[in-house]
Amino acid sequence: MNTLQEHWNKIFKEKPEEKLGWYEREVSKTVEFLDGVDLENKVVFLPGAGTSRLTNTLIEKGALLVLNDISDEALTELRNRIENPGKHHWYCGDISKPLPEEIPTADIWIDRAVLHFLIEETEIQGYFENLNRIVKRNGYVMLAEFSLKGAQKCAGLNVHRYSVDELQKRVGNDFKLIKSEDYVYINPGGGERPYIYTLFKRNGA
Ligand SMILES: C[S@@+](CC[C@H](N)C(=O)[O-])C[C@H]1O[C@@H](n2cnc3c(N)ncnc32)[C@H](O)[C@@H]1O
């Protein structure tokens, strides 16, 4: 087990879900942000899914999920919580490293609070190489990360904070920005966590 995996496993093992610094009982901001994106029978890739309640909401809306996380602890918790886990794809591994060939392509990629943990340039590039390979033509990418006004650390780790411009540059010209919004998330401890929410659409053929 690598140390990053140990770090996240320890957090998921020791803290009850509702005490996690990024816990949302209602995932309404994400759902509102995805308004107009059809989820029914669509494949949704969730990097760093954690134990997010968004998974249940997406399943209720008819999506088929590809669930990734570096923490097997988080994925096991999720597997035990959602209905028919065998219907979905599971991949425990580092999202900055090349994804296995068998991971299916996706109509939608939704990242909340994962990309910003990648610090090294090679890790960030590896993440976007995966995104580029996985997201289909006309597919959507939602990235919700700590904004330039955001905290410099989370879960005891340094973070890389993002502007819309940097996210656009990183995702590349093949993706068009549909919308962006500053959003201040209040964490379970009452702290303000400024995020930047962005939605991109990939060009057609
Ligand atoms: C702040 S939590 C957010 C979880 C979830 N996206 C949510 O909104 O509740 C960050 C998640 O990313 C996972 N993670 C961190 N680094 C990762 C990496 N390099 N590859 C895959 N997952 C990673 C952690 O295990 C954790 O579940």
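Everything in this summary refers to the structure shown in the same document. (Residues numbered from 1 in each chain as written. Predicted model: local features only at pLDDT ≥ 70, side-chain atom pairs only at ≥ 80, totals over all residues. Heavy atoms only, no water.)

Side note on the site of the ligand
Put simply, the rule is: We call a residue near a given molecule or strand whenever any one of its heavy atoms falls within 4 Å of it. Side-chain atoms alone can form a polar contact between residues adjacent in sequence; in general such a contact is a pair of N or O atoms within 3.5 Å, and within protein one must be able to donate a hydrogen while the other accepts it. Each accessible area is a Shrake-Rupley estimate made with a 1.4 Å probe; only the visible protein chains count as cover when residues are assessed. Starting at the N terminus, helices and strands are each numbered in turn, a helix being any DSSP run of H or I of at least four residues and a strand any DSSP run of E of at least two. Ten residues, namely Ala, Val, Leu, Ile, Met, Phe, Trp, Tyr, Cys and Pro, are considered nonpolar, four, namely Asp, Glu, Lys and Arg, are considered charged, and the remaining ones, Gly among them, are considered polar.
Close contacts around the ligand come from 19 residues, with Gly-48, Asp-69, Asp-94, Ile-95 and Arg-112 the closest. Take Asp-94: an N or O atom from its side chain is 2.8 Å from a nitrogen atom of the ligand. At 2.7 Å from an oxygen atom of the ligand is found a side-chain nitrogen or oxygen belonging to Arg-112. In isolation the ligand exposes 590 Å². Once the protein is present, 97% of that is buried. If you list the elements that add at least two residues to the shell around the ligand, you get helix 1 (3–14) and strand 2 (64–69). In terms of residue class, the shell around the ligand is built from 10 nonpolar, six polar and three charged.

Overview of the packing of aromatic side chains
We count it as follows: Two rings from Phe, Tyr or Trp (for Trp, the six-membered ring) form a pair when their centres sit within 6.5 Å of each other. Planes less than 30 degrees apart are called stacked, planes more than 60 degrees apart edge-to-face, and all others tilted. Type-normalised accessible area, obtained with a 1.4 Å probe on protein chains alone, sets the label of each residue: buried when under 20%, exposed when over 50%, and partly exposed for intermediate values.
Scanning the model with the defined rule gives 12 aromatic pairs in all. Geometrically, the ring pair formed by Phe-45 and Trp-109 is stacked, given 4.5 Å between the ring centres and 10° between the ring planes. Within this pair, whereas Phe-45 is found in strand 1 (residues 43–46), its partner Trp-109 is found in strand 4 (residues 106–112), the two being separated by 64 residues in sequence. Trp-109 carries the same exposure label as Phe-45, and that label is buried. Centroid distance Tyr-183 to Tyr-197: 5.4 Å. Interplanar angle 85°. Geometry classified as edge-to-face. Here the residue Tyr-183 occupies a position in strand 8 (residues 175–186), and Tyr-197 occupies one in strand 9 (residues 192–202), the gap between them amounting to 14 residues. Tyr-183 sits in the partly exposed class, given a relative accessible area of 22%. Take Tyr-197: its relative accessible area is 0%, and that puts it in the buried class.

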